[in-house]
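Commentary on secondary and tertiary structure
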Amino acid sequence: MRISAMVVARCAGVVVPVAVFALSAGAQTLNPAFASDYTITDLGSVPALPPRYGGMAFKQGDPNTLLIGGFANAANGAMYAVSVVRDAENHITGFNGDAAYFADAAYNDGGVAYDPSGSVLFTSRWPVNQVGQLKPGSTATDKIIDLGALGVPGGHAALNFPPAGFPGSGRLKMSSWSGGEWFDARIVPDGTGTFDIVDVTQVTDATLPGGPEGFTYVPFGSTGFTHPSMLVSEYSAGNVAVYQMDSNGDPIVSSRQDFITGLSGAEGAVIDPMTGDFLFSTFGGGDRIVVVSGFEIPAPGAVSILALGGIATLRRRR
């Protein structure tokens, strides 16, 4: 049974409300090591978005539209689209109008990401242990892959692709809830506009604690991050954690640090392509979107210098 102590219980794909608590302003606490450089803003709930939020992605080619799962983990789950409001420095401050149905995404969970070419939207499907794929313009899932047939035990919950310049760039990374099993794989075109998943390998020394859900990648040059790193929403623990990445793009478990504590139902994870801000959603916990500002965003074409253990980037001016 999947449980958030304060919010919901999930059992056999059925979501049972227990209690709902909004995130109080003092509940979310940044690790003191990061508190002087980063700030948290609770954007609240998305208007008209059904409860039990899933993962998120910015719509390909439209950074002012956020895609986010509603009715997560349920058969009637779907992706919804909502326009964001930005301030003079392009930071997201709220939502413009109601969320609107975008496409079917049954059983959507913490993982929502476009393939490296930016054409196909991948969605994690929990508890059915599947990956769904949506072609551009589709409103129904175009392809469903059964991960059990590829050697992934039940529980697949999240996925993402390390961006260009990161170790493991372009490979498919997947994690499971609640055991935190971590998998590396490749995707190959199947000739129909979608992809097959091949060469699936469990990375046994990268099993993550905390009941991981959505994960994303820290923009190069961000203060306090001297190595390629990733942010992981820890649903079970009520945290967001940060990990350094190894040369294959997998998390180094021994490097784990708390980034944010005091959460309830941390679920999705995405980086704002315009500002580098980190956004995460909550499954329960008031069903909210939280944004963390202070990250850098590299200039186009900036790459990491992995051999030197450092990062080359052009930093935007705050």
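What you see as residue numbers is a count from 1 along each chain, following the sequence as written. In keeping with the model being predicted, local features are shown solely for residues with a pLDDT of at least 70 and side-chain atom pairs are shown and tallied solely at 80 or more, while totals for entire chains, interfaces and linings include all residues. Computation of side-chain values: all heavy atoms of the structure, hydrogens and water removed.

**A look at the overall build of the protein**
Numbered from the N terminus, helices here are DSSP runs of H or I no shorter than four residues, and strands are runs of E no shorter than two. A count of helices and strands for the protein gives one helix and 26 strands. Three exposure classes are used, based on accessible area relative to the maximum for each residue type with a 1.4 Å probe and protein chains only: buried under 20%, partly exposed in between, and exposed over 50%. Expressed as a percentage of the 318 residues in the protein, the buried residues total 55%. A separation of at least 24 residues holds for 53% of the contacts in the protein among residues at least 6 apart in sequence. Contacts were defined at the residue level, with two residues in contact if any of their heavy atoms lie within 4.5 Å.

**Concerning the pattern of salt bridges**
Between Lys or Arg on one side and Asp or Glu on the other, a salt bridge is scored when a side-chain nitrogen of the former is within 4 Å of a carboxyl oxygen of the latter. Applying the stated criterion across every chain, the model contains 10 salt bridges. Arg256 is paired through a salt bridge with Glu234; the nearest N and O atoms lie 2.9 Å apart. Taken together, the residues span a long stretch of sequence, with Arg256 in the loop between β20 (239-244) and β21 (257-261) and Glu234 in strand β19 (residues 229-234) at a distance of 22 residues. On the basis of relative accessible area, Arg256 is assigned to the partly exposed category, the value being 26%.

**Some points on the side chain of Thr123**
Positionally, Thr123 belongs in strand β11 (residues 121-125). Once you skip the residues sitting within four places of it in the chain, Thr123 turns out to touch Gly111, Val112, Gln130, Val131, Gly132 and Leu159.

**Re the sheet that holds strand β4 (residues 29-30)**
Here, any two strands with at least 2 DSSP bridges between them count as paired. One open sheet accounts for five strands, arranged β4-β21-β20-β19-β18; its pairing is antiparallel. Each edge of the sheet is formed by a strand with only one pairing partner; in this case those strands are β4 and β18 (212-217).

**Focus: the environment of Asn248**
Its place among the elements puts Asn248 in the loop between β20 and β21. Placed 86 residues apart in sequence, Asn248 and Pro162 show a C-alpha to C-alpha distance of 9.9 Å.

**A short note on the sheet that holds strand β15 (residues 172-176)**
In spatial order, the strands read β14-β15-β16-β17; together these four strands make up an open sheet with antiparallel pairing. The open sheet has two free edges, formed respectively by β14 (156-160) and β17 (195-202), since each of these has just one partner strand. When strand polarity is set aside, the average angle formed by the axes of neighbouring strands in this sheet is 30°. Only C-alpha atoms enter the line fits that serve as axes; for helices the fit covers just the stretch in contact. Angles between N-to-C directions range over 0 to 180 degrees.

**Looking at the pairing of β18**
Within β18, six of the six residues are buried, leaving the element largely enclosed by the surrounding structure. In terms of strand pairing, β18 meets β19 through four bridges, oriented antiparallel. Across the sheet, Tyr217 pairs through a bridge with Met230, a residue of β19.

**Some remarks on unusual backbone geometry**
Cis geometry marks the peptide bond from Trp126 to Pro127, where omega comes out at 10°. Along the polypeptide, Pro127 turns up in the loop between β11 and β12 (130-134). At the junction of Trp177 and Ser178, the peptide bond is cis and its omega measures out at 10° in the coordinates. Along the polypeptide, Ser178 turns up in the loop between β15 and β16 (182-189).

**What about the packing of aromatic side chains?**
Between the rings of Phe, Tyr and Trp (Trp by its six-membered ring), a pair exists once the centres lie within 6.5 Å; its type follows the angle of the planes, with under 30 degrees stacked, over 60 edge-to-face, and the other angles tilted. Applying the stated rule across the entire model yields 20 aromatic pairs. Between the aromatic rings of Phe166 and Phe220, the centroid separation amounts to 4.1 Å while the plane-to-plane angle is 20°, which identifies the pairing as stacked. Residue Phe166 is located in the loop between β14 and β15, and its partner Phe220 is located in the loop between β18 and β19; the two are separated by 54 residues in the primary sequence. For Phe166, a relative accessible area of 9% gives the class buried. Consider the rings of Phe215 and Tyr217, whose centres lie 6.4 Å apart with planes at 90°: the pair is edge-to-face. As far as burial versus exposure is concerned, Phe215 and Tyr217 are alike and both buried. An aromatic cluster is present here, built from Phe34, Tyr38, Phe225, Phe259 and Phe295 joined pairwise through their rings.

**Some points on the confidence of the model for the protein**
Detailed reading of predicted coordinates is not advised where the pLDDT is low. A residue-level look at the protein finds 85% of positions with pLDDT of 70 or above and a mean pLDDT of 88. The quantity called pLDDT is the predictor's confidence in a given residue, expressed from 0 to 100. Taken together, the stretch residues 1-26 has pLDDT below 50 and engages in 66 contacts with residues farther than four places along the chain or on a different chain. Within the model, the stretch residues 301-318 combines pLDDT values under 50 with 41 contacts to residues more than four positions away or in other chains.

**Quick word on the environment of Tyr38**
Relative to the assigned elements, Tyr38 resides in the loop between α1 (32-35) and β5 (39-44). Its relative accessible area of 2% is what places Tyr38 among the buried residues. Taking the C-alpha atoms as reference, Tyr38 lies 8.8 Å from Thr223; in sequence the two are 185 residues apart. Any pair of nitrogen or oxygen atoms within 3.5 Å is treated as a polar contact; in protein, a donor-acceptor pairing is required on top of that, and neighbouring residues in sequence qualify only through side-chain atoms on both sides. Side-chain polar atoms of Tyr38 contact the backbone oxygen of Thr223, separated by 2.6 Å.

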